[in-house]
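Here are the chains, one letter per residue:
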Amino acid sequence: MVPRRPPATASHLRPHLFAQWPQLARRLRSADRVALFFDFDGTLVPLRERPTVVRLDPEVHLLLRRLARHPRVTLCVISGRRRADLRRALGVSEAICLGLHGWEGRAPASRLRRLRTIVRQVHGLLSHQLAGQEGIWIEDKGAVLGIHYRGASPATVRRARQRLLRALVPFQPNLRLLSGKKIWEVLPQEIKDKGAAVREVLRDLPSRTLAWVVGDDTTDEAMFAAVPRGVTVHVGKRRRTHARFYLRNPGEVKELLQRLEAQLYRRAA
Ligand SMILES: [Mg+2]
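Per chain, residues are indexed from 1 in the order of the written sequence. Per-residue local features of the predicted model are confined to residues with pLDDT of at least 70, and side-chain atom pairs are confined, for both listing and counting, to 80 or more; whole-chain, interface and lining totals are unaffected and use all residues. Side-chain measures here rest on the full set of heavy atoms in the structure, leaving out hydrogens and waters.

Visitor: Explanation requested: the pattern of salt bridges in the structure shown.
Guide: Close approach of charged atoms allows side chains with opposite charge to pair. A pairing counts as a salt bridge when a side-chain nitrogen of Lys or Arg comes within 4 Å of a carboxyl oxygen of Asp or Glu. Within this structure, the stated rule accounts for 17 salt bridges. Between Arg203 and Glu200 there is a salt bridge, with the nearest N and O atoms lying 3.9 Å from each other. Taken together, the positions of Arg203 and Glu200, both in helix 6 (residues 194-203) and three residues apart, correspond to about one turn of that helix. Exposure classes here rest on a 1.4 Å probe applied to the protein chains alone. A residue is buried below 20% of its type maximum, exposed above 50%, and partly exposed in between. Judged by its relative accessible area of 30%, Glu200 falls in the partly exposed class. Counting from the N terminus, the helices are the DSSP runs of H or I reaching at least four residues and the strands are the DSSP runs of E reaching at least two.

Shown next as structure tokens:
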């Protein structure tokens, strides 16, 4: 599914989340149930060239643990990473962790194994076609391939993209391409977007659950669109988004966690 093109909201017209805090805090205190959805890279942690070097700020880790243990809260982190990798990097056992854009952790593992076969073929082809392209590397995530280009020159990126698109032609319509921040991802069609994961988590919660969604990338737009009545927060600068509010960076997301924790535990006290 291709998400709807986000509305052309100029960033200066979209309010900063903290500017609306008193009203949002009231909604938080009065909600019977709160579902907090976070993306990981670029949202809870700053982006790094290699996802493996990312470390969660110990204070953010503690805040997330406190929030996940709150009796009225469901905490869910949805990432493009593998689920095991995400769980390790997050280290919050009480949180729902969903990998591969919300698909891994919901679908049975047997389906994942089946999808691996086709993705392996593409991996073989791409390893050959992208060999020697400086700054480009392929991450094998099982049923998904991540092609990172953070360190590559614009000319190399253009060339690599052409080769990638050409390599995918024989695999249509079974595979699709997803573009994120300095990454292209090759996914089987049946791996849906993060919005499908959000809707599924919310289905198991009471209908009046207040949802908060925080993310930084184009792949998070589907999550924002999935909760039209929720509190949606885009992290960073972008002119087009489905989110209603913005925060500047993961540092401000940390402050959001502090504010959420203070509000939720204040009511419980
Ligand atoms: Mg992200």
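Visitor: I tried to follow the sheet that holds strand 3 (residues 96-98) on my own but got confused; where do I start?
Guide: Strand pairing within a sheet occurs via backbone hydrogen bonds; the two strands may be parallel or antiparallel. Overall, parallel pairing links the six strands, which are arranged 3-2-1-8-9-10 in an open sheet. If you trace the sheet from one side to the other, it starts and ends with strand 3 and strand 10 (245-247), each paired once. Across the sheet, the mean angle separating the axes of adjacent strands is 20° when strand polarity is ignored. Residue contacts are counted whenever heavy atoms from the two residues lie within 4.5 Å of one another. Working convention: axes come from line fits to C-alpha atoms, limited for helices to the stretch in contact. Angles between N-to-C directions cover 0 to 180 degrees. Docked against the sheet, helix 1 (residues 21-30) engages strand 1 (34-38), strand 8 (210-215), strand 9 (231-235) and strand 10, running at close to 130° with respect to strand 8. Here helix 3 (residues 83-90) sits on the sheet in contact with strand 2 (73-78) and strand 3, set at roughly 140° to strand 3. What makes two strands pair is DSSP finding at least two bridges between them.

Visitor: Explain the coordination of the magnesium ion to me, please; I cannot follow it from the model alone.
Guide: Put simply, the ideal angle at a metal is 109.5 degrees for four donors in tetrahedral geometry and 90 or 180 degrees for six donors in octahedral geometry. Distances decide who is a donor: an N, O or S atom must be within 2.8 Å of the metal, or within 3.2 Å for Na, K and Ca. Water is not included, so sites may look incomplete. Distances from the magnesium ion to its protein donors, namely Asp39 (OD), Asp41 (O) and Asp216 (OD), fall within the range 2.1 Å. Within one chain, the residues serving as donors to the magnesium ion are arranged as D-x1-D-x174-D. With a gap of 177 residues between them, Asp39 in the loop between strand 1 and helix 2 (58-69) and Asp216 in the loop between strand 8 and helix 7 (221-226) connect regions that are remote in the sequence. When its relative accessible area of 5% is taken as the criterion, Asp39 is described as buried.

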